[in-house]
Amino acid sequence: MTYQEKKSIVSLISTLLIFTVYLLYRYPQYPNEVLDSKVTFHYWGSFILVLTLVSIAAHIVISIVFNIIFRMTTGEKEPAFADELDKRIDLLAFRNSFAMFVSGFLLAMGSLVIDQPLKVMFIVLIAAGFLSDVTGSISRLYYYRRGV
Amino acid sequence: MGKVLVGNYIRKLRFDLNEMTQQQLADKVGVTRQTIVALEKGNYSPSLELAFRIARTFNLPLEEVFFYGENSEKPSGK
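Now for a description of the structure that goes with this document. All values reported here derive from a predicted model rather than from experimental measurement. (Residues numbered from 1 in each chain as written. Chains lettered and ligands numbered in written order. Predicted model: local features only at pLDDT ≥ 70, side-chain atom pairs only at ≥ 80, totals over all residues. Heavy atoms only, no water.)

Focus: the overall build of chain B
The helix and strand inventory of chain B stands at four helices and two strands. From first element to last, N terminus to C terminus, chain B shows the α and β order β-α-α-α-α-β. Expressed as a percentage of the 78 residues in chain B, the buried residues total 46%. Within chain B, contacts between residues at least 6 apart in sequence are counted, and of these 57% link residues at least 24 apart. For chain B, the exposed surface amounts to about 4,700 Å²; the carbon and sulfur share of it is 51%. (Helix = DSSP H or I, 4+ residues; strand = E, 2+ residues; numbered from the N terminus. Buried < 20%, exposed > 50% of the residue type's maximum accessible area, 1.4 Å probe, protein only. Contact = heavy atoms within 4.5 Å. Areas by Shrake-Rupley, 256 points an atom, 1.4 Å probe, with all protein chains shown as cover.)

Points about the packing of aromatic side chains
Each aromatic ring pair is described using two quantities: the centre-to-centre distance and the angle formed by the ring planes. Residues and elements named next belong to chain A. In total, this model carries 16 aromatic pairs over all chains according to the counting rule given. A ring pair is formed by Tyr 3 and Phe 66, whose centres lie 5.6 Å apart and whose planes are at 35°; its orientation type is tilted. Of the two residues, Tyr 3 is situated in helix α1 (residues 3–26) and Phe 66 in helix α2 (residues 37–74); the sequence distance between them amounts to 63 residues. Note on Phe 66: relative accessible area 11%, which makes it buried. For the pair Tyr 30 and Trp 44, a centre-to-centre distance of 5.6 Å together with 50° between the ring planes defines the contact as tilted. One end of the pair, Tyr 30, is in the loop between α1 and α2; the other, Trp 44, is in helix α2, with 14 residues separating them in the sequence. What makes Tyr 30 buried here is its relative accessible area of 14%. (Phe/Tyr/Trp six-rings, centres within 6.5 Å; stacked < 30°, edge-to-face > 60°.)

Examining the interface of chain A and chain B
Accessible area lost upon the coming together of the parts is a frequently used measure of interface size. With 17 residues of chain A at the interface, the matching set in chain B holds 16 residues. The contact between chain A and chain B buries some 1,400 Å² in all, and 50% of this surface belongs to carbon and sulfur atoms. Looking at the side of chain A facing chain B, the largest losses of area belong to Glu 84, Leu 85 and Val 148 of chain A, adding up to 36% of the total buried there. Seen at the junction of chain A and chain B, the total is one salt bridge. For Arg 33 of chain B, the salt bridge is made with Glu 76 of chain A, and the minimal N-O distance between the two is 3.7 Å. At the junction of chain A with chain B, the criterion picks out five residue pairs in polar contact (both at pLDDT 80 or more). At the level of elements, α1, α3 (84–113) and α4 (118–146) of chain A are the ones that each hand at least two residues to the side of chain A that touches chain B. Here the residues of the side of chain A that touches chain B sort into seven nonpolar, three polar and seven charged. (Buried area = accessible area lost by both parts, 1.4 Å probe. Salt bridge = Lys/Arg side-chain N within 4 Å of Asp/Glu carboxyl O. Polar contact = N/O pair within 3.5 Å; in protein donor to acceptor, adjacent residues only side chain to side chain. Nonpolar A, V, L, I, M, F, W, Y, C, P; charged D, E, K, R; others polar.)

So, the nonpolar core
Formed by 27 residues in total, the largest nonpolar core has its most connected members in Ile 10, Ile 54, Phe 58 and Val 65 of chain B. Listed by contribution, the elements that provide at least two residues to this core are α3 and α4 of chain A together with α1 (10–16), α2 (22–29), α3 (33–41), α4 (48–57) and β2 (66–68) of chain B. Broken down by element, the residue count for this core peaks at four residues, all from α4 of chain B. Beyond its immediate stretch of four places on either side in the chain, Val 65 of chain B contacts Gly 7, Asn 8, Tyr 9, Ile 10, Leu 13, Ile 54, Ala 55, Phe 58 and Leu 60 of chain B. Counting residues in each nonpolar core, the second largest holds 16 residues, with Phe 19, Tyr 30, Val 124 and Phe 130 of chain A among its members. (Core = buried A, V, L, I, M, F, W, Y, C linked by side-chain atoms within 4.5 Å.)

Observations regarding the pattern of salt bridges
Counted under the stated rule, the structure contains eight salt bridges over all chains. As a salt-bridge pair, Arg 140 of chain A and Asp 90 of chain A come within 2.9 Å of each other at their nearest N and O atoms. You can see Arg 140 of chain A sitting in helix α4 and its partner Asp 90 of chain A sitting in helix α3, a full 50 residues away along the chain. Assessed through its relative accessible area of 32%, Asp 90 of chain A is described here as partly exposed. Taking the shortest distance from any N to any O, the salt bridge between Glu 40 of chain B and Arg 11 of chain B comes out at 3.7 Å. Of the two residues, Glu 40 of chain B sits in helix α3 while Arg 11 of chain B sits in helix α1, which places them 29 residues apart along the sequence. With a relative accessible area of 13%, Glu 40 of chain B lands in the buried category. Note on Arg 11 of chain B: relative accessible area 52%, which makes it exposed. Linked by salt bridges that have partners in common, Arg 11, Arg 14 and Glu 40 of chain B make up one network.

What follows is the structure, given as structure tokens:
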């Protein structure tokens, strides 16, 4: 298995872990009893903002740890640059990831149109962000294994 | 996706050129070793620029390194 394939798998697992742990920590804090929309908006705003920041920081740390372990176990250095194959696969993975997020975004807007509660819109939006991340990692793994 | 239609004789040509390693070829043409692996497996069609750089490394014309379709003839070499 190549460096890029291993990295895609690590990225996928870390995305799943970060999201699950964060969800288990933050979702019980949802202000169920409060009717004030300002409090609810504050909750969802901070939910998304903190998730984004935590996710970026965790991905950086996991990537550094992965590179150290990769060097120690294989005795090889990780590729220092992205060549034309990497860039092409990145583009294809981004396309799939973007399509997933846009679908989720439209679904979230649709939930507002059919008069669903605001909570549903935010849950769909967050799920779309998570699934788009997962789609990107799976696409990378698929293209590196099957070719482009 | 599947196998690409542009095949190549890179593995054989590397062997003929003093058993050049994938990493050495990758360094010469400016890509990662993983891209050479993908090329040899037939998982990737290189850009025209990369194809020319590889052919130039072996001092061969493009058509003696790459072929289109089901060609199974061996390269003539130098």
